[in-house]
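# Close look at the chain arrangement
Below, each chain spelled out in residue letters.
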Amino acid sequence: MKTLNIITQSIISNKDAVVDYHVETSTLICEVLAEFTSRENFINLFTEMGEFIKKNNVKKLIFDKRNMRIFDQTSMEWYHVEWKTSMKKYGLSVYRKILPNDFIFEKSVELGRLKIAKENPAFKFEDFDIQYCKTVEEAMEK
């Protein structure tokens, strides 16, 4: 694994998440701190990140969900169908996801994706480079 010399800028820090921007790689890293984030807090977090993305050269988002135990499916639908589609217009289309080591959580994500695809036929997961990783370091390299 190569070592990156990265300049980091802190974007958001609250009870739900920490978001940093890695300038050299044009990457935002969103580490969720809470086991559960309400829909309102989730939308506020991603809206704030979206404002940063609109003004900066963000090409990749690493979404580290390892601390989460449950999630609100309507938040995930909004995130995919509305937020991702909007952010693609600003150049963000690469997503690396880090899930908790939890079979039920992984299955919930899988079922949620199927539901989103079925209920939102205009949204195509294939329009985005989405990969699942085990660590932030792996996500940075991919």
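### Considerations on the overall build of the protein
The number of helices and strands found in the protein is four helices and six strands. Taking 14 Å as the expected radius of gyration for a compact globule of 142 residues, we find that the protein reaches 14 Å, a close match to that expectation. With respect to the principal axes defined by its C-alpha atoms, the protein has extents near 40 × 30 × 30 Å. Within the protein, buried positions represent 43% of all 142 residues. Taking all contacts inside the protein whose residues are at least 6 apart in sequence as the whole, residues at least 24 apart take part in 67%.

### Regarding the packing of helix α1 (residues 39–55) against helix α2 (residues 73–88)
Orientation of α1 relative to α2, taken along the N-to-C sense of each, is 15°, at an axis distance of 11 Å. It follows that α1 is roughly parallel to α2 by the angle criterion. Relative to α2, α1 is oriented so that their crossing is right-handed. Contacts between α1 and α2 pair R39, F42, I43, F46, T47, M49, G50, I53 and K54 from the former with T74, S75, M76, W78, Y79, W83 and M87 from the latter.

### Re the packing of aromatic side chains
Applying the stated criterion to the full structure yields 15 aromatic pairs. Aromatic pair Y21 and F52: ring centres 5.0 Å apart, planes at 70°, arrangement edge-to-face. Of this pair, Y21 sits in strand β2 (residues 17–22) while F52 is found in helix α1, placing the two residues 31 residues apart along the sequence. On the basis of an interplanar angle of 65° and a centroid distance of 5.2 Å, the ring pair of F46 and F63 is categorised as edge-to-face. Taken as a pair, F46 in helix α1 and F63 in strand β4 (residues 60–64) lie far apart in primary sequence, 17 residues in all. Residue F46 shares its accessibility class with F63, and that shared class is buried. By the ring-pair criterion, three or more aromatic residues cluster together here, those being F42, F46, F63, W78, Y79, W83, Y95, F123, F125 and F128. It is K88 that lies over the ring of F128; its NZ or CZ is 5.2 Å from the centre. In this arrangement the basic side chain of R113 is found over the ring face of F125, its NZ or CZ atom lying 4.1 Å from the centre.

### Considering the nonpolar core
Counting 35 residues, the largest nonpolar core has L28, F46, L61, Y79 and W83 as the members making the most contacts within it. The set of elements that each furnish at least two residues to this core consists of β1 (8–13), β2, β3 (27–32), α1, β4, α2 and α3 (103–119). Of all the elements, α1 adds the most residues to this core, at seven residues. Once residues lying within four places of it in the same chain are set aside, the contact partners of F46 are C30, L61, F63, W78, Y79 and W83. Listed in part, the seven residues of the second largest apolar core include I98, C133, A139 and M140.

### A word on the environment of E31
Mapped onto the elements, E31 comes out in strand β3. Here E31 falls in the partly exposed class, since its relative accessible area comes to 32%. In sequence terms E31 and A17 are 14 residues apart; their C-alpha atoms lie 5.5 Å from each other. Residues in contact with E31, not counting those within four places in the same chain, are D16, A17, V18, D64 and N67.

The rules behind these values
- Residues numbered from 1 in each chain as written.
- Predicted model: local features only at pLDDT ≥ 70, side-chain atom pairs only at ≥ 80, totals over all residues.
- Heavy atoms only, no water.
- Helix = DSSP H or I, 4+ residues; strand = E, 2+ residues; numbered from the N terminus.
- Rg over C-alpha atoms; globule rule 2.2 N^0.38 Å.
- Buried < 20%, exposed > 50% of the residue type's maximum accessible area, 1.4 Å probe, protein only.
- Contact = heavy atoms within 4.5 Å.
- Axes fitted to C-alpha atoms, helices over the stretch in contact; angles between N-to-C directions.
- Parallel < 35°, antiparallel > 145°, perpendicular 65-115°, else oblique.
- Left-handed = near helix turned anticlockwise from the far one by under 90°.
- Phe/Tyr/Trp six-rings, centres within 6.5 Å; stacked < 30°, edge-to-face > 60°.
- Lys NZ or Arg CZ within 6 Å of the ring centre and 35° of its normal.
- Core = buried A, V, L, I, M, F, W, Y, C linked by side-chain atoms within 4.5 Å.

Limitation: the analysis is restricted to geometry and does not speak to function.
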